[in-house]
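# Structural description and commentary
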There are 2 protein chains.
Amino acid sequence: MTASYTYNRPSRVSDEARSKVLTAAVQLGYGGPDASARSLRRGSTRALGVVMGEHLSYAFEDPQAASFLAGIADVCADAGYCMTILPITGASDDAARIPSAAVDGFIVWTTSDDDPILQAIQAMKRPAVVHGGPAIPGLGLVGIDNRAAAHAVGAVAFAGAERPAVVSFPLSRARIGTIMHGADARDVLFPVTRERLEGYRQAAEEIDIAWHRVPIGVCAHNDAAEAERITATLLSLPEPPDAIAAMSDEQAAGVVRAAVAAGRAIPDDLAITGWDDAATASHLGLTTVAQSLREQGAACARVALGEAPNPPAAPWSVVRRGSTRH
Amino acid sequence: MTASYTYNRPSRVSDEARSKVLTAAVQLGYGGPDASARSLRRGSTRALGVVMGEHLSYAFEDPQAASFLAGIADVCADAGYCMTILPITGASDDAARIPSAAVDGFIVWTTSDDDPILQAIQAMKRPAVVHGGPAIPGLGLVGIDNRAAAHAVGAVAFAGAERPAVVSFPLSRARIGTIMHGADARDVLFPVTRERLEGYRQAAEEIDIAWHRVPIGVCAHNDAAEAERITATLLSLPEPPDAIAAMSDEQAAGVVRAAVAAGRAIPDDLAITGWDDAATASHLGLTTVAQSLREQGAACARVALGEAPNPPAAPWSVVRRGSTRH
DNA sequence: CTGTTAGCGCCTTCAG
DNA sequence: CTGAAGGCGCTAACAG
């Protein structure tokens, strides 16, 4: 029909025919091409699917996740693509929601090795990318070298320390909060957490501290309040730590609060490092790992759009501030 | 075909036929029903469209917007609906992206009276709701009574003051930052801003200050740094304000910084109020307007799903803290 | 510049 | 419990 051209290539239709179509459309209450029918016919939905953590609303609770999404949004807006966030709830039917999403490609926020979402996405045979990890055959991977970064920031955190400790993200999707010593990498199912712990381990061993002697405060969530509580516990141990490397600036902010409450001087009594170089890190003068989640989000979107090949590992750097020993 | 039943009503198919279908599917590389075709046939996409401000990435830069989105996410996750954020860029083709979105309903973050998006959505004849305003015939409206809330918090801000002032959101989508006196409501195209200014006006007039004598620092964006700069300018006026009502806690945080930099005591030299009761408000001890953007987001989602009628105006309250006079 | 044809993949309806 | 038919609304490709 000429009607289709009227909407899709107006120039291919005479002014007369076009206005006839348009007036008829108004009379019939026709509001333009139907998006689903168009997607079916074209074979493209012009939407990117985003899977954020174990519950959809997580996307809007973690400030780093928000930066990441903003990066995706920048690229989607330029490309005219919708950003479709999938309704993940943590229930067993999550994987079934992957194939029923009308999207051209997928972006997955870092998850655990055993997350069934990953297989479901792999089976879709559409462009897809994982942020942070795990690496999955057939899917792209965007992120920094977490082990190297943890090694580097851990070396700064633990410099001059005798009793280093770590405040960690959870080890698995069970999200058990606990205090342990020298986590075994095989028990750690979140690859980002695993790599960072391995990096901290290297840093500890370089100051001649055996990993099994390093206390690790494992938090169930990335949350300042929980980090504060677990730090208070660490500081009340018989041999309290004199350096703590945390996995986010959020957590580090909680560590700082607990240190202040316990009367510790920073960095002399307790050196502290964060991760991400968020606004709170510069406010608090935290030594931290700088990376751009926004740029990484944009990179993910380009891969999921099929616009770019999988990029090389993203850049990072250690930002030294007053929370560590010179 | 039996194949369709195999995926949609497995119980309606014998075990034998089902496994035959499933093995054939694997051999043919068939990954289950196609989402677009299913949407076309069913007449429903199981996705909600969200329009956030003038550029898609705005959604992830404003912390209040994040709360609002989290509320939408809660409801979408429960309903198994995707949340589709539309690629709005501020360009002239934004309105064209409304009809091409494959969604069952629309949620619009507060915008200006003259935003062409609104007409485009009205024309879609699908469930749709606007947060904050403007009110559009045929669309739902969710939000608080901004005028009443501004009147109430303004009364607290201006109590005992002689030279009240306001730090405001922009008046129109042109987003011009300026200092003016007693804005004319007719020039204010953002209804939320307009209503709040009217409320502050009432509060000023109740302490016998004519509105045209009240300086208004109009910021282009909701941003602490800009509020800080404009407050510095206000405080350097020949008759500097001794009370400032801001339109967000973000802005109020900037006002506080400028006040401290100018050596003003809070609240004695300068009373300050914010809006939203964000975390920063309790950190800074700000008097503010409490409202739940998260609950309002959820209410919007229920309306856009057609699950609920348009709710009554959302609750709010004034939270008094140390930033205002006794 | 305009008109026609032929499906995209699915699922509701009806018959076996 | 299984099979067949038909059409949702659209647009690529091909005539005229």
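Residues numbered from 1 in each chain as written. Chains lettered and ligands numbered in written order. Predicted model: local features only at pLDDT ≥ 70, side-chain atom pairs only at ≥ 80, totals over all residues. Heavy atoms only, no water.

An unreviewed UniProt entry lists chain A under the name LacI family DNA-binding transcriptional regulator, with Plantactinospora alkalitolerans as the source organism.

All names here are of chain A. Pairing is mixed across the open sheet formed by 5 strands, whose spatial order is β7-β8-β6-β9-β10. The open sheet has two edge strands with one neighbour each: β7 (178-181) and β10 (271-273). Going from strand to strand, the sheet's axes swing by 20 degrees on average, the running direction of each strand aside. The pairing of strand β6 (residues 164-168) with strand β8 (residues 215-218) spans 3 bridges and is parallel. Its bridge partner lying in β8, valine 166 is registered against isoleucine 216. Where helix α6 (residues 146-158) meets the sheet, it contacts β6, β9 (243-246) and β10, and its direction lies at approximately 155 degrees from that of β9. Its contacts with the sheet put helix α8 (residues 224-235) on β6, β7, β8 and β9, and the angle it makes with β6 is roughly 155 degrees. (Pairing = 2+ DSSP bridges. Helix = DSSP H or I, 4+ residues; strand = E, 2+ residues; numbered from the N terminus. Axes fitted to C-alpha atoms, helices over the stretch in contact; angles between N-to-C directions. Contact = heavy atoms within 4.5 Å.)

Turning to the nonpolar core, a few remarks are in order. Ranked by size, the top nonpolar core spans 63 residues in total, and within it A:Phe60, A:Met83, B:Phe60 and B:Met83 carry the most contacts. Elements that contribute at least two residues to this core include exactly β1 (47-51), α4 (63-79), β2 (82-85) and α11 (293-304) of chain A together with β1 (47-51), α4 (63-79), β2 (82-85) and α11 (293-304) of chain B. The greatest single-element share of this core, amounting to 11 residues, is contributed by α4(A). With sequence-adjacent residues up to four places away left out, A:Met83 is seen in contact with A:Leu48, A:Val50, A:Leu69, A:Ile72, A:Ala73, A:Cys76, B:Leu56, B:Phe60, B:Met83, B:Thr84 and B:Ile85. Counting 38 residues, the second largest nonpolar core, distinct from the first, contains A:Ala47, A:Ile98, A:Met124 and B:Ile98. (Core = buried A, V, L, I, M, F, W, Y, C linked by side-chain atoms within 4.5 Å. Buried < 20%, exposed > 50% of the residue type's maximum accessible area, 1.4 Å probe, protein only.)

The subject of this paragraph is the protein's contact with DNA strand D. The full set close to DNA strand D counts 20 residues, and A:Tyr30, A:Arg41, B:Thr2, B:Arg12 and B:Ser14 are the nearest of them. A share of 62% of the atoms of DNA strand D within 4 Å of the protein falls on sugar and phosphate groups. Measuring from a phosphate oxygen of DNA strand D, one finds a backbone N or O atom of A:Asp34 at 2.8 Å. Only α1 (2-8) and α3 (35-42) of chain A together with α3 (35-42) of chain B provide two or more residues apiece to the surface near DNA strand D. Per-element tally for the surface near DNA strand D: the top contributor is α3(A), with 4 residues. A per-class count over the surface near DNA strand D returns 8 nonpolar, 5 polar and 7 charged. (Near = heavy atom within 4 Å. Polar contact = N/O pair within 3.5 Å; in protein donor to acceptor, adjacent residues only side chain to side chain. Nonpolar A, V, L, I, M, F, W, Y, C, P; charged D, E, K, R; others polar.)

Looking now at the sheet that holds strand β5 (residues 140-142) of chain A. Sheets are built from strands paired through backbone hydrogen bonds, the pairs being either parallel or antiparallel. Strand order in the open sheet formed by 10 strands is β5(A)-β4(A)-β3(A)-β1(A)-β2(A)-β2(B)-β1(B)-β3(B)-β4(B)-β5(B), and the pairing between neighbours is mixed. Where the open sheet ends on each side, the last strands, each with one partner, are β5 of chain A together with β5 (140-142) of chain B. On average, each strand axis in the sheet is tilted by 25 degrees relative to the strand beside it, whichever way the strands run. For strand β4 (residues 128-131) of chain A and β5(A), the ladder comprises 3 bridges, and the chain directions are parallel. By the bridge assignment for β5(A), A:Val129 is matched with A:Gly140. Along the sheet face, α4(B) touches β1, β2, β3 (105-108) and β4 (128-131) of chain B and points at about 145 degrees away from the line of β2(B). Together, β1, β3, β4 and β5 of chain B form the strand contacts of α11(B), whose direction differs from that of β4(B) by roughly 160 degrees.

For the rest of this paragraph, the subject is helix α9 (residues 249-261) of chain B. Residue and element names in this part refer to chain B. A rise of 1.5 Å per residue sets the reference length of α9, with its 13 residues, at 18 Å; its end C-alpha atoms lie 18 Å apart and thus fit the reference within 8%. Looking at the buried side of α9, the elements it contacts are β6 (164-168), α8 (224-235), β9 (243-246), β10 (271-273), α10 (279-284) and β11 (288-290). A distance of 3.4 Å separates the backbone nitrogen of glutamate 250 from a side-chain oxygen at the start of α9, and that oxygen is part of serine 248. (Expected span 1.5 Å × (residues − 1).)

To continue, consider the side chain of B:Gln291. Residues and elements named next belong to chain B. Within the fold, glutamine 291 resides in the loop between β11 and α11. At 3.0 Å, the side chain of glutamine 291 forms a polar contact with the side chain of aspartate 276. Polar side-chain contacts of glutamine 291 include one of 3.0 Å to the side chain of glutamine 296. Beyond its immediate sequence surroundings of up to four residues, glutamine 291 is in contact with Ile144, Arg196, Trp275, Asp276, Gln296 and Pro315.

Our focus in this paragraph is the protein's contact with DNA strand C. Close to DNA strand C lie 22 residues; A:Arg12, A:Ser14, B:Tyr30, B:Asp34 and B:Arg41 are nearest. In DNA strand C, atoms within 4 Å of the protein come 60% from sugar and phosphate. With respect to DNA strand C, the side chain of B:Arg41 contributes an N or O atom lying 2.4 Å from a base oxygen. Taken together, the elements giving at least two residues each to the surface near DNA strand C come down to α1 and α3 of chain A together with α1 (2-8) and α3 of chain B. Sort the elements by how many residues they give to the surface near DNA strand C and α3(B) lands first, with 5 residues. Taken together, the residues of the surface near DNA strand C break down into 10 nonpolar, 5 polar and 7 charged.

A word on the relation of the copies chain B and chain A. Mapping chain B onto chain A leaves a residual RMSD of 0.1 Å; the transformation is a rotation of 180 degrees accompanied by 0.1 Å of translation along its axis. Within this description, the copies of the chain are treated as partners about a two-fold rotation axis. In terms of proximity to the rotation axis, the leading residue of chain B is B:Thr84, whose C-alpha is 2.1 Å off the axis. Interface residue correspondence from chain B to chain A reaches 100%, placing this contact among same-surface, isologous pairings. (Least-squares fit on C-alpha atoms with pLDDT ≥ 70 in both.)

In this section: the interface of chain B and chain A. Listed by partner, the interface residues are 38 residues for chain B and 38 residues for chain A. Summed over both sides, the interface of chain B with chain A buries roughly 2800 Å², with 66% coming from carbon and sulfur. On the chain B side of the contact with chain A, B:Ser36, B:Phe60 and B:Ala77 bury the most area, a combined 19% of that side's loss. Residue B:Arg294 is joined to A:Glu61 by a salt bridge in which the shortest nitrogen-to-oxygen separation is 2.7 Å. For the pair chain B and chain A, the number of links is 7 residue pairs in polar contact (both at pLDDT 80 or more). Of all the secondary structure elements, the ones that give two or more residues to the side of chain B that touches chain A are α3, α4 and β2 of chain B. Of all the elements, α4(B) adds the most residues to the side of chain B that touches chain A, at 7 residues. (Buried area = accessible area lost by both parts, 1.4 Å probe. Salt bridge = Lys/Arg side-chain N within 4 Å of Asp/Glu carboxyl O.)

On to the packing of α4(B) against α11(B), then. When two helices pack together, their arrangement is given by the angle between the helix axes and by the axis-to-axis distance. Residues and elements named next belong to chain B. Viewed as axis vectors pointing N to C, α4 and α11 meet at an angle of 45 degrees, and their least axial separation amounts to 7 Å. As summarised for this structure, α4 and α11 are arranged oblique, according to the angle between their axes. Like other packed secondary-structure pairs, α4 and α11 cross with a definite hand, here right-handed. Within the contact between the two elements, α4 uses Gln64, Ser67, Phe68, Ala70, Gly71, Ile72, Asp74 and Val75 and α11 uses Leu293, Arg294, Gln296, Gly297, Ala298, Cys300, Ala301 and Arg302. (Parallel < 35°, antiparallel > 145°, perpendicular 65-115°, else oblique. Left-handed = near helix turned anticlockwise from the far one by under 90°.)

The next thing to look at is the domain arrangement of chain A. For chain A, the assigned domains read domain 1 (2-33), domain 2 (44-142) and domain 3 (146-290). Relative to domain 3 of chain A, the C-alpha centre of domain 1 of chain A lies at a distance of 63 Å. (Domains from an automatic or database assignment.)

We now examine the pattern of salt bridges. Throughout the structure, instances matching the rule amount to 30 salt bridges over all chains. Measuring nitrogen to oxygen at the nearest pair gives 2.6 Å for the salt bridge that ties A:Asp184 to A:Arg186. With a relative accessible area of 70%, A:Arg186 lands in the exposed category. For B:Arg257, the salt bridge goes to B:Glu228, with nearest N and O atoms at 3.0 Å. Of this pair, B:Arg257 sits in helix α9 while B:Glu228 sits in helix α8; the two residues are 29 residues apart in sequence, bridging distant segments of the chain. For B:Glu228, a relative accessible area of 25% corresponds to the partly exposed category. Because the salt bridges share partners, they merge into one network encompassing A:Glu61, B:Asp74 and B:Arg294.

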